[in-house]
Amino acid sequence: MKSIADIRNDYTLAGLDESDLDGDPIAQFDRWMTDAIKAQVFEPTAMSLATATGDGQPHSRIVLLKHFDEQGFCFFTNYDSAKGREMEENSRASICIHWPPLERQVRIEGIISKTTVVESDAYFTRRPRGSQLGAWVSQQSSEIASRQVLEKLLTEITAKFEGKPVTRPPHWGGYRLKPALIEFWQGRQSRLHDRLLYTAQPDGAWKIARLAP
C-alpha cells in the first residue's frame, strides 16, 4: 500500500488578522463565500453536515448550503432520511465548509430546526424538474433491491405529474442551523494557521477570540 504520511502542502496564500474581520460573522461569511464563487471553487456551497443520534452516535455527509442570513444556514433534504431522524432526536449539529484553493475553512455549530412550509415550498419551486421528481422517488437512506427500483418509480412519478407542476412532497423540506459559534480558519505556513472564533453572547452580540492552531 502506498504511504500517504508524507503528503502535505504548506499554506502561503494569505493570513487572517482581527483587523480583517467584520464584527458580524454572517457578513464575514458572505465575504468569504463571495471570494469562493469569484475564484470558481468547485461546489463552493458544499459543506459537511455532522449530526448525532439521541445516544450520541455521530454521522457526517456532504450537503449543499442554499441560503444564509442572520437567522442561520439553510439546506434541504428528506425529513425521513437518516440525518432527518437524527436531527429530530438531537437538534445539535455542526457544518464545515472547506475551500482548498483559497486555503480557507469555516466551522459552524448550533441548533437545527425546520424551515417554514412557505420557505420549503419557495425553494422547491426553484429546483430543476428532475430534482423535484427525484424528491418523490427516493425514500432516502432506506434499503432498496436495485437501481431498477428507482428507475421504475421515476417512470411512474414522471407520468403522474405529466403536464403539471411538481408539488413538494410532505416528507421533503428545509432545515436551518442557528449558529452559536462560527470559526474562520485561514491556512498558514508551518501549520501555524489563523483561527478566529465568533461566539454568540446572551445580548445578541458576538465575542471574537483567536484560537491556537
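Preceding this section is the structure that the text describes.
Remarks on the overall build of the chain
When helices and strands are counted, the chain shows five helices and nine strands. Taken from the N to the C terminus, the helices and strands of the chain come in the order α-β-β-β-β-α-β-β-α-α-α-β-β-β. Overall size of the chain, expressed as C-alpha extent along the three principal axes, is 55 × 55 × 40 Å. Per-residue burial for the chain yields a buried fraction of 36% across its 213 residues.

Quick notes on the nonpolar core
Counting residues in each nonpolar core, the largest one holds 30 residues, and the members touching the most others are Phe29, Phe73, Phe75, Trp99, Val106, Ile108 and Phe184. Mapped onto this core, the elements with two or more residues apiece are helix 1 (25-38), strand 1 (46-52), strand 4 (72-78), strand 5 (92-99), strand 6 (104-114), strand 7 (172-186) and strand 8 (194-200). Among the elements that take part in this core, helix 1 stands out by supplying five residues, more than any other. Grouped together as the second largest cluster of nonpolar side chains are ten residues, Phe124, Val137, Phe161 and Trp172 included.

Details of the pairing of strand 1
When strand 1 meets strand 2 (residues 58-64), the two strands line up antiparallel, connected through seven bridges. Note on strand 2: the bridge partner recorded for Ala50 is Ser60. Taken together, strand 1 and the strand that follows it, strand 2, pair antiparallel across an intervening segment of five residues, in which Gly56 is found at a positive phi of about 95 degrees. Relative to strand 5, strand 1 is paired through three bridges, and the arrangement is antiparallel. Bridge pairing in strand 5 links Leu49 to Ile95.

Let's talk about the pattern of salt bridges
Considering all chains together, one arrives at 13 salt bridges under this definition. Across the pair Arg147 and Glu151 runs a salt bridge whose closest N-O atoms are separated by 3.6 Å. Here Arg147 and its partner Glu151 are both found in helix 5 (residues 147-160), four residues apart, which amounts to about one turn of the helix. We classify Arg147 as exposed; its relative accessible area is 56%. Judged by relative accessible area, which is 41%, Glu151 ranks as partly exposed. Lys152 is paired through a salt bridge with Glu156; the nearest N and O atoms lie 2.6 Å apart. Of the two residues, Lys152 and Glu156 are both situated in helix 5; the distance of four residues between them amounts to about one turn of the helix.

Some words on the side chain of Thr51
Inspection of the secondary structure puts Thr51 in strand 1. Here Thr51 falls in the buried class, since its relative accessible area comes to 3%. Here the side chain of Thr51 touches Arg61 through a polar contact of 2.9 Å, side chain to side chain. A polar contact of 2.4 Å, which involves the side chain of Thr51, links it to the side chain of Glu86. Filtering out sequence-adjacent residues up to four positions away, Thr51 remains in contact with Gln57, Pro58, His59, Arg61, Lys83, Glu86, Met87 and Ala93.

Re helix 1
In this model, helix 1 (14 residues) spans 20 Å end to end at C-alpha, consistent with the 20 Å of a helix rising 1.5 Å per residue. By the burial criterion, the buried members of helix 1 are Pro25, Ile26, Gln28, Phe29, Trp32, Met33 and Ala36. Relative to the axis of helix 1, the buried residues are bounded by an arc of 155 degrees and lie together on one face. Exposed residues lying more than 90 degrees from the buried face of helix 1 are Ile37 and Lys38. You can read the cap of helix 1 off the contacts: a side-chain oxygen lies 2.9 Å from the backbone nitrogen of Ile26, and it is on Asp24.

Examining helix 4 (residues 129-137)
Burial in helix 4 covers these residues: Gln132, Leu133, Ala135 and Val137. Those residues of helix 4 that are buried lie in contact with helix 3 (117-126), helix 5 and strand 7.

Regarding the packing of helix 4 against helix 5
Axis separation between helix 4 and helix 5 bottoms out at 9 Å; the angle between their running directions is 115 degrees. Classified by chirality, the crossing of helix 5 by helix 4 is right-handed. For the pair helix 4 and helix 5, the contacting residues are Leu133, Trp136 and Val137 in the first and Leu150, Leu153, Leu154, Ile157 and Thr158 in the second. Partitioning the contact of helix 4 with helix 5 into residue classes produces seven nonpolar, one polar and no charged.

Rules and cut-offs
- All chains use their own residue numbering, which begins from 1 and follows the written sequence.
- Since the coordinates come from a predicted model, pLDDT governs what is reported: local features require at least 70, and pairs of side-chain atoms require 80 or more to be given and counted, while whole-chain, interface and lining totals use all residues.
- Excluded from the side-chain calculation are hydrogens and water; included are all heavy atoms of the structure.
- The way it works is that DSSP assigns letters per residue, a run of H or I at least four long becomes a helix, a run of E at least two long becomes a strand, and they are numbered from the N terminus.
- The buried label goes to any residue with under 20% of its type's maximum accessible area, the exposed label to any with over 50%, and the partly exposed label to all in between, with areas taken from a 1.4 Å probe on protein chains only.
- By convention a nonpolar core is built from buried Ala, Val, Leu, Ile, Met, Phe, Trp, Tyr and Cys residues, the set being connected through side-chain atoms within 4.5 Å.
- Any two strands between which DSSP finds at least two bridges are classified as paired.
- Each salt bridge in this description consists of a side-chain nitrogen of Lys or Arg and a carboxyl oxygen of Asp or Glu lying within 4 Å of one another.
- Identification of polar contacts relies on pairs of N or O atoms within 3.5 Å, with a donor-acceptor requirement for protein atoms, meaning one able to donate a hydrogen and the other able to accept it, and with residues adjacent in sequence counted only if both atoms are side-chain atoms.
- Only heavy atoms matter for contacts: two residues are in contact if any of them lie within 4.5 Å across the pair.
- To estimate how far a helix should reach, multiply one less than its number of residues by 1.5 Å.
- What the arc measures is the spread of directions leading from the helix axis to the C-beta atoms.
- Only the contacting stretch of a helix is used when fitting its axis, a line to C-alpha atoms as for every element, and angles between N-to-C directions run 0 to 180 degrees.
- By convention the crossing between two helices is left-handed if the near helix lies anticlockwise of the far one by an angle smaller than a right angle, and right-handed if it lies clockwise.
- Residues are grouped as follows: Ala, Val, Leu, Ile, Met, Phe, Trp, Tyr, Cys and Pro are nonpolar; Asp, Glu, Lys and Arg are charged; all remaining types, including Gly, are polar.

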